[in-house]
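Analysis of the macromolecular model
What follows is each chain in one-letter form.
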Amino acid sequence: MLIKKRPSWALSHSDVTPESVYLDRRRFMGGMVAAALAGAGVPRLVDAAALPIQGESLEFTAMPGFSTDEEKTPYEDVTRYNNFYEFGTGKGDPAQYADEMSVDPWSVIVEGECDRPGTYALEDLVRPHDYQERIYRLRCVEAWSMVIPWIGIPLADMLKRFEPNSRAKYVYFETLHDPDQMRAQRSLFSTIDWPYQEGLRMDEAMNELSFMAVGLYGKTLPKQNGAPMRLVVPWKYGFKSIKSIVKIRFQEERPKTTWEMIAPQEYGFYANVNPEVDHPRWSQKRERRLPSGLLSPNWMETRKFNGYGEQVAHLYKGMDLTKYY
Ligand SMILES: Nc1nc2c(c(=O)[nH]1)N[C@H]1C(S)=C(S)[C@@H](COP(=O)(O)O)O[C@H]1N2
Ligand SMILES: [Mo]
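Notes on the structure in this doc start here. (Residues numbered from 1 in each chain as written. Chains lettered and ligands numbered in written order. Predicted model: local features only at pLDDT ≥ 70, side-chain atom pairs only at ≥ 80, totals over all residues. Heavy atoms only, no water.)

Assignment of secondary structure puts R288 in strand β12 (residues 286-289). Taking C-alpha positions, R288 is 4.5 Å from W299, a pair spaced eleven residues apart along the chain. Here Y81 takes part through its side chain, which lies 3.4 Å from a polar atom of the side chain of R288. (Helix = DSSP H or I, 4+ residues; strand = E, 2+ residues; numbered from the N terminus. Polar contact = N/O pair within 3.5 Å; in protein donor to acceptor, adjacent residues only side chain to side chain.)

What follows is the structure, given as structure tokens:
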């Protein structure tokens, strides 16, 4: 049974700001260690201490037309400040525990309304494609954001190979469900009814921005970021970008998605980044761009569709985005 507990990131508006203040206070009092434990972006006083970029190097083509030239979020923050509830709700939990998940070998079940269903080995899914690098903004519904250099392939290129048929109106994705490897799935008090599930309307999935990432910062994905393969949908709140995918299903009906199932009045299926539609318990007008601290909280205005309106606004023409949030 799903226990409807308030997720740690579903904080009330009055909780959200004090939390970052609280983390900063700890940083001042406890110094570097406390800050590292809090996971809220470690102050980089000594650059030489920077975390080396982990993983196997990948060859890729830079895609300047699909990349922001904003300053990239440092590797440390991208890989130590995560949401991956399968490993715990703390921002530092995924970096600490995702290593308990094995990602090799990895296969993905493809099913539903398509002519090429089957079980595909990861290599067969990605090998026919050339990798691209896309530097995208990632805006979490919790009102923090990052700029991440992803490596991967356009989602449309992968999905077309399965030959979806005319009844395929939506595509559903599912994360690995294995309590032996994912410690929070063993918890009796979990917020989430596992596995983590997400979905897109077919035209959203086929949009040129939708990306299947297998790496970041030029190397294979760290496990905490959703190895070996995760979705990246940059104009939507981060929770749509599902990690460690093991199932892809084409379907006629709109899939039920994890956060929508937990709190439908707060998290919708569409989840387009939208400063004009506040979360019921906090504002979505601004975001904290990581790294963020007390002296430089780095607040900035949130942009509609996370700044990708030119590429995606047409998908929602005529839709009331306050209703379809
Ligand atoms: N399977 C799974 N995917 C997930 C999540 C999760 O808890 N489980 N969290 C989502 C949320 S809320 C965000 S903001 C992003 C964070 O991605 P990152 O940790 O790589 O920055 O992953 C998304 N994908
Ligand atoms: Mo998120």
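Attention shifts here to empty space enclosed by the protein. To find leftover empty space, a probe the size of one water molecule is rolled over the atoms. Counted by the stated rule, this structure contains two cavities of 30 Å³ or more. As for the largest cavity, its lining consists of 24 residues, and the residues nearest its centre are N83, R230, G238, F239 and K243. Among the elements that line the lining of the largest cavity, the one with the most residues is strand β5 (residues 144-154), at four residues. Looking at the lining of the largest cavity residue by residue, the classes come out as 15 nonpolar, six polar and three charged. (1 Å grid on protein atoms, 1.4 Å probe; cavity = no way out; pocket = protein on both sides within 12 Å on 5 of 7 lines; lining within 4 Å. Points joined across faces, edges and corners; volume = space filled by probe spheres on them. Nonpolar A, V, L, I, M, F, W, Y, C, P; charged D, E, K, R; others polar.)

All right, on to the pairing of strand β4 (residues 132-139) then. Where burial is concerned, most of β4 is hidden: eight out of the eight residues are buried. Covered by surrounding structure in β4 are Q132, R134, Y136 and L138 together with E133, I135, R137 and R139, the residues of both alternating faces. Of the strand pairs in this sheet, strand β1 (residues 61-62) and β4 are connected by two bridges, and their pairing is parallel. The residue of β4 that forms the bridge with A62 is E133. For β4 and β5, the ladder comprises eight bridges, and the chain directions are antiparallel. Across the sheet, the residue bridging to R139 is S145, located in β5. Remark: four residues form the turn of the hairpin made by β4 and β5, two consecutive strands paired antiparallel; A143 in that turn has positive phi of roughly 80°. (Buried < 20%, exposed > 50% of the residue type's maximum accessible area, 1.4 Å probe, protein only. Pairing = 2+ DSSP bridges.)

Coordinates in, geometry out; function isn't part of it.
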